[in-house]
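# Topology and contacts: notes
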Amino acid sequence: MSPTRPTSAPPASAPAPAPAPAPATAPVPARALLIRAPLRRVLGGAGRTGSWRRAPVLTGAALLLGLVMLLHAYVPNRFGNVGSLVETFLPWFGLFVPVLAAGAVWRRAPAAVLALVLPVTVWLSLFGGLLVDKSHPGGDLTLVTHNVGADNPDPAGTARDLAASGADVLALEEITAQDLGVYEAELAEAYPYHAVRGTVGVWSRLPLSDTRPVDIATDVGPLAATKPADARAAGDRALRTTVATDRGPLAVYVVHLGSVRLNPRTGFWTGSRDRNAQALGEVLAADRSERVVLLGDLNGTLDDRALAGITSELHSAQEAAGDGFGFSWPAKFPVARIDQILVRGVEPTGSWVLPATGSDHLPVAAGVDW
C-alpha cells in the first residue's frame, strides 16, 4: 500500500481589484436645475405622436404676440385709436412671454415653446438696447423738463427740488396762473434768466433771447377771434427760445402737447395731441438751426405713430444715452415715458429720471455735449 500523498490546499485566489472611483461631477447650480427641469418636461415628450399638436391656442397666441409687436405700425387706428394705444404700452407686451412660456411648459407643448422665439426676438430688437447703460462722462449742459402739475399741492417744494437738480436749463409745463409767482420767486436765485408763455416756461443760468410762442394748433374754442390777444396767449402750450452758450446758440423748445383720454365709449382719444404733434413736426422741420433741443410733456411715447413728425427731426436722449426705459408717468407707478428730451446737433451724454415731486409726473434730465 503506497503511502497516502498529502493533499495540497488550493492556492489562495488573488483579491479582486477595487472598482475605479467614479469621476467626480460638479454640482449642478440650482438656477440651472430650474431651467433644465421645464425644458426636460417639454422636450421629453417632443418625439411622441401628437405632442406637436398640443396647445394650439398657446402656439397661436405666441405667434400673434410676436406679429403684433413686429407689425405694430400696421395696427389700425380707425377704431378707438387702437394702434396708438398698443404703441403707448408696447414695452409691456414682453410680460406676456413668461406667461405663455409657463403655459407651454405646463402643457408640454414644444410647438408653443418654439413659437415664443418670435416675440422674444422682436422684443429684444425693439427694446433690448434700453437695457444697457449707454451714459458716459461729460456734458456741457444739463437739461431738465418737468410737468409740474396744475394740482401740485407744493409748488414751492417742487421748485426747490428742481433747483437742486443742478440743471442749467429747466423747462416747466402746466404752470397755473396762481403758481407762476411761486416758481418765479423760488427759482430766481439759481436762474437769473427765464421766460414764460401761457402754461409753459423756461429757466436758465445762461442768457435767453428771441423768446416767442410756437403755434401748435391749440384749440382755443370757437370764440377765439373775439378774445383779446393776452387772453388767447394765456393758453399757449409751446415756446421757442435761444440759449447763449459758450459753444454757440442753442434753440430750445418747451412744449406741452394736448392730453389724451381712455374711456369705453371713445376708446383712446388723442385728437388734440395728434393735431399739436403734427403742427410741431412742421415747425421743427422748418427750423434750420444747427443745434435744437425739445423739452416737454408730449403725452405720448416715441413709439406712437402720431409723433412721427417730431421723431423724424429729433432723436431721444434716453435712447441714445440712458439706462432703462426712463418711465415718467404716473409718478406713483410709472408705466410710460411721455416726458421727453429730444435733440439735434448735440450729443447726449446721459439721461435719467429725477425723484418725485408734488406732481403726477416725474422730472426727467439729460446731459448734452457739443
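Now for a quick tour of the structure.

The rules behind each value
- Residues numbered from 1 in each chain as written.
- Predicted model: local features only at pLDDT ≥ 70, side-chain atom pairs only at ≥ 80, totals over all residues.
- Heavy atoms only, no water.
- Pairing = 2+ DSSP bridges.
- Helix = DSSP H or I, 4+ residues; strand = E, 2+ residues; numbered from the N terminus.
- Axes fitted to C-alpha atoms, helices over the stretch in contact; angles between N-to-C directions.
- Buried < 20%, exposed > 50% of the residue type's maximum accessible area, 1.4 Å probe, protein only.
- Contact = heavy atoms within 4.5 Å.
- 1 Å grid on protein atoms, 1.4 Å probe; cavity = no way out; pocket = protein on both sides within 12 Å on 5 of 7 lines; lining within 4 Å.
- Points joined across faces, edges and corners; volume = space filled by probe spheres on them.
- Nonpolar A, V, L, I, M, F, W, Y, C, P; charged D, E, K, R; others polar.
- Salt bridge = Lys/Arg side-chain N within 4 Å of Asp/Glu carboxyl O.
- Core = buried A, V, L, I, M, F, W, Y, C linked by side-chain atoms within 4.5 Å.
- Polar contact = N/O pair within 3.5 Å; in protein donor to acceptor, adjacent residues only side chain to side chain.

So, on to the sheet that holds strand 2 (residues 169-173). On the basis of which strands lie adjacent, the open sheet formed by six strands has the order 3-4-2-1-14-13 and mixed pairing. Across the chains shown, the open sheet's two edge strands, defined by having one partner strand only, are strand 3 (193-197) and strand 13 (347-353). Pairs of neighbouring strands in the sheet enclose a mean axial angle of 15°, with direction left out of account. Judged from the five bridges that link them, strand 2 and strand 4 (residues 200-204) form a sheet pairing that is antiparallel. The residue bridging Ala171 from the neighbouring strand is Val202, located in strand 4.

So, about helix 7 (residues 155-163). Residues of helix 7 that are buried: Pro155, Ala156, Gly157, Thr158, Ala159 and Leu162. Here the buried face of helix 7 lies against strand 1 (141-147), strand 2 and helix 8 (177-187).

Think of a ball as big as a water molecule: rolled over the atoms, this probe shows where empty space is left. Considered as a void within the structure, the largest pocket measures approximately 340 Å³ in volume. Forming the walls of the largest pocket are 20 residues, and the residues nearest its centre are Val260, Arg261, Asn299, Trp329 and Ile338. Listed by contribution, the elements that provide at least two residues to the lining of the largest pocket are helix 3 (82-88) and strand 8 (261-263). A class-by-class count of the residues in the lining of the largest pocket yields eight nonpolar, seven polar and five charged. By volume, the second largest pocket amounts to about 270 Å³. Along the walls of the second largest pocket sit 18 residues, with Phe127, Leu130, Leu302, Asp303 and Glu319 positioned nearest its centre. Among the elements of the structure, helix 6 (117-127) and helix 12 (317-321) are those that each provide at least two residues to the lining of the second largest pocket. Each residue belonging to the lining of the second largest pocket can be placed in one class, and the counts come to 10 nonpolar, five polar and three charged.

Quick look at the pattern of salt bridges now. Pairing between side chains of opposite charge can happen when the charged atoms of each approach one another. Tallying each qualifying case throughout the model produces 10 salt bridges. Note that Arg205 and Asp168 form a salt bridge whose closest N and O atoms lie 3.9 Å from each other. With a gap of 37 residues between them, Arg205 in the loop between strand 4 and strand 5 (208-213) and Asp168 in the loop between helix 7 and strand 2 connect regions that are remote in the sequence. Here Asp168 falls in the buried class, since its relative accessible area comes to 19%. Among the salt bridges present, the one from Arg212 reaches Asp210, with a minimum N-O distance of 2.7 Å.

Our next topic: the nonpolar core. Grouped together as the largest cluster of nonpolar side chains are 21 residues, with contacts concentrated most on Leu143, Leu250, Val254, Val293, Leu295 and Ile341. For this core, the secondary-structure elements that each account for two or more residues are strand 1, strand 2, strand 4, strand 6 (238-245), strand 7 (248-256), strand 10 (292-297), strand 12 (339-344) and strand 14 (364-369). Once residues lying within four places of it in the same chain are set aside, the contact partners of Leu295 are Leu143, Val144, Thr145, Val169, Ala171, Glu173, Val252, Tyr253, Val254, Val255, Gln340 and Ile341. Residues Ala55, Leu100, Ala109 and Phe127 belong to the second largest nonpolar core, which totals 20 residues.

Moving on: the environment of Ser125. Structurally, Ser125 is set in helix 6. Within polar-contact distance, the side chain of Ser125 engages the backbone oxygen of Val122 at 2.6 Å.

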